[in-house]
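Overview (structure and organization)
So the chains spell out like this:
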Amino acid sequence: MKSLMKTTLTIILLALTTMAVADPVAPTPINNFTEDNTINLTANDGVQLDANLFQPIDRGKAAKHPVIIFVNSWGFNKEEYTPQAKIFAADGYIVLSISARGWGKSGGVVDVAGPQDVADVENAIDWVGQHVPNADMNKIGMAGISYGAGITLLTAAQDPRIKAVAAMSGWANLNDSLYGEQSFSTIWGNLLITDGKLKGNLDGSLPQMVKDFEHHENVDTAVQWAQMRSANTHMAGLNRKGLAIDLSNNFEDRIFRSNYMLSFYENLKGPKHMDLNQGMHAAPDFQGMTQPNSLIWQHAHMWFDHYLKGQKSGATQLPSLMMQVRNTKQYESFANWPSTNVHQQQYYLSPRVLIKRGSLQTRPEVIPASNTIKFGKFAGVSSGIPIISMRKQTTKGIPITTNVDLIRPDVAIGYRTPVLKQAEAIRGNPQVTVWVTPKNPQWQLVAYLYDVGPRGKAALISQAPVAHYNDTVGKAIKVTFPLRSVAYNVPAGHQIELALATHDVLYSGVPQTDFSVKIDYGMFKQSRLTLPLEA
C-alpha cells in the first residue's frame, strides 16, 4: 500500500511539473550577453555549488552592472531561471543562477533553507565581487520561486548588501506552512519528500521533521527547526531602510498559504508590492517565466529596474497590493493594505435546531445553546479531489462543488446567511471564531466557506483546518483561525455558508478518531465568521 501511495504521488508530481512549464512561449533570441554554465563555487564548508553566470556585453566603454542572484526551486536546479536570466542579462544585469546544495550538480545535502543555504548565497555574492570586475556590488538583488523565494527572503534579511528582492510563491513562516493551526497537510508534505528523494540529496532530518509534524511528535523540536528557516523571525532585517520587497503568491497555494503571506506583507515597513494571483503553488510563476505578458515577471523587472538601476520604471506607481479575482483575468488594486475600502463584516453563528442547518446572522446570538458533531470521514463537504480539483478550478474555471443541503448532521454542521440582496465582494483573509467544549483532549475542525446557489449547489470559496491535542475535557475554549485569502464575488440572490466538519483528506488529523466537539453559542460565547467585504 505504501509503495502504491509513493508511486501515485510520484505520478502526480511529474504531472504537476509538466503543468507548470507546459506550452512555453519561446523567448526572443538575444545576443548581447555571455553565458557561462561551468561556474563552480566553493562553500565555506568545502561543498561545491554549481552555477550559471550571465553577463551583458559592453560595447565600447566598460560599465558597472547591477547583480541579481537566483536560487532554484525545490526539485529544480540552476537552469530553472535561464529564460529570465537571459532577459535580465540582455537588459544590463549580471545574473548568477545557483543550484542550492543538494540539488542539480551541487554537492552536499539539502539544507531546507537553513543557515548553510544562507551562507552559501552570501559566499556567492563574495565570489561575484572577486571574479566579476564589472559587477556593481552596491546594487545587488535576489529572486526565486518557492524554495528559492524562501532562501531569498532569509538571505536578504541577514545580508545588508542585498537591496531588492522578488520572492514568488515563497513562505515567511515555515511552521505555519507545514503545521498551521497544528494541522499537517499530508498530501503536499509527502509530495515534497517524494520529490526531494527523486531529485535531490536529502538526509534523514527533513523526512523526520515531516513525520513529527504529521504525527504530532517531538513538536517543540520540529517547530524550532522550522522557525530557524522562517523569514518573519528576521522582521527587523527585512524592514531595514531601503530593502525593497516584491512578493507574488497564489490563492490556491496549499503549501504556502496565501493568508499567512498576506499577514506577513502587512508587517513589512519598507518599499513593498504584492501580487495575489489565481493559481496553485508556483504555477503562474513558472508559466510566466517564458511569457512576455506575465504580470508577475513584468513587476519583478520594474522592481529591479527602479531599486537597482534607479530608473523610472513605474515600480513606485504600482499599487501596494493587487488581487486577481476568481474566474477572471481582472486584478483589483489597493493603494494600501489593510484597505479602508474593505470592512470586516461579522456574521454570528446561530444554532441548528433538530437536523436543520444553523444560520449566519448580523446580530449576536444571546440565548445559550450548543450543537455537537463527531468525527466522520464522509460529511458531504470537502476540499475536493486533492490536486486534481484544484487544478481544474485554477486552469479551467471548474469550481469545487457540493450540495450543502445533504451535509451529514452527525459529523458536520452548516450555517447560512439569508439570500443576498446585493452582490458581495470578499477580499482578504476570512476568519472563524468558534467556542468549543471538547469532549476529548484531541479534536479537529475543518471550516469550509461556500457560495450557495439555487437548490443547495455550493462552490467552495475557501477552507482551513484547526486541531488541538491536549485540551481539558468539558472546559469551553475560544478558538480563532484564518481561512485562505479570498478574492471572490458572491452574486446577488446567492447565500454564503460556513460549514464545520471534523475531517478532510488533505490533512493528517489527530491520532484520536473517536472524538466529538460541542459548539457553543450565547451572549458570552459568540461564535462568528468574519468576512472582509469590499465596500
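The notes below deal with the structure included here. Note that the structure is predicted; figures quoted are calculated from it, not measured. (Residues numbered from 1 in each chain as written. Predicted model: local features only at pLDDT ≥ 70, side-chain atom pairs only at ≥ 80, totals over all residues. Heavy atoms only, no water.)

**As for the packing of helix 7 (residues 205–215) against helix 8 (residues 219–227)**
Between two packed helices, both the angle of their axes relative to each other and the distance between the axes serve to describe the pair. How we decide: Only the contacting stretch of a helix is used when fitting its axis, a line to C-alpha atoms as for every element, and angles between N-to-C directions run 0 to 180 degrees. Working definition: helices are DSSP H or I runs of at least four residues, strands are E runs of at least two. Numbering for both runs from the N terminus. Roughly parallel here means an angle under 35 degrees, roughly antiparallel means over 145, roughly perpendicular means 65 to 115, and every remaining angle is called oblique. Take the far helix as your reference; a near helix turned counterclockwise from it by less than a right angle gives a left-handed crossing, and one turned clockwise gives a right-handed crossing. Throughout, a contact is declared for two residues whenever any of their heavy atoms are within 4.5 Å. Classification convention: Asp, Glu, Lys, Arg as charged; Ala, Val, Leu, Ile, Met, Phe, Trp, Tyr, Cys, Pro as nonpolar; all other residues, Gly among them, as polar.
One can describe the packing of helix 7 onto helix 8 by two numbers: an axis separation of 9 Å at closest approach and a directional angle of 125°. In terms of orientation, helix 7 lies oblique with respect to helix 8. Both helix 7 and helix 8 take part in a crossing whose hand is left-handed. Touching Leu206, Met209, Asp212 and Phe213 of helix 7 are Thr221, Ala222, Val223, Trp225 and Ala226, all from helix 8. Among the residues forming the contact of helix 7 with helix 8, the class breakdown is seven nonpolar, one polar and one charged.

**Quick word on helix 8**
What counts, and what does not: The buried label goes to any residue with under 20% of its type's maximum accessible area, the exposed label to any with over 50%, and the partly exposed label to all in between, with areas taken from a 1.4 Å probe on protein chains only. The directions considered for the arc are those from the helix axis to the C-beta atoms.
Of all the residues in helix 8, the buried ones are Val219, Ala222, Val223, Trp225 and Ala226. For helix 8, the arc enclosing every buried residue in end-on projection is 160°, short of the 170-degree limit, so these residues lie on one face. Exposed and facing more than 90 degrees away from the buried side of helix 8 are Asp220 and Gln224. Along its buried surface, helix 8 packs onto helix 5 (174–179) and helix 7.

**Things to note about empty space enclosed by the protein**
So the rule is basically this: Here the term cavity refers to a set of points on a 1 Å grid, laid over the protein atoms alone, in which a 1.4 Å probe fits but cannot get out; the term pocket refers to an open set having protein on both sides within 12 Å along at least five of seven lines, with lining residues being those that place an atom within 4 Å of a point. Grid points are joined across faces, edges and corners, and a volume is the space filled by probe spheres set on the points.
Tallied over the full model, the rule gives six cavities of 30 Å³ or more. Roughly 190 Å³ of internal volume is contained in the second largest cavity. Along the wall of the second largest cavity there are 14 residues; nearest its centre are Trp74, Val112, Leu174, Leu192 and Phe256. Per-element accounting of the lining of the second largest cavity gives the leading share, three residues, to helix 6 (residues 186–199). Its residues assigned to classes, the lining of the second largest cavity shows 12 nonpolar, two polar and no charged.

**Here's the deal with the nonpolar core**
In summary, soluble globular proteins display a tendency toward joint burial of nonpolar side chains. As a reminder of what qualifies: We call a set of buried Ala, Val, Leu, Ile, Met, Phe, Trp, Tyr and Cys residues a nonpolar core when their side-chain atoms join them within 4.5 Å.
The biggest cluster of nonpolar side chains holds 125 residues, and the ones touching the most others in it are Leu96 and Leu247. Of the residues forming this core, the biggest block, seven residues, is contributed by helix 4 (residues 147–158). Setting aside anything within four residues of it in sequence, one finds leucine 96 in contact with Ile39, Leu41, Ala51, Asn52, Leu53, Ile68, Ile69, Phe70, Ala124, Trp127 and Val128. If you look at the next biggest cluster of nonpolar residues, it comprises 27 residues, including Tyr93, Ala282, Phe304 and Leu318.

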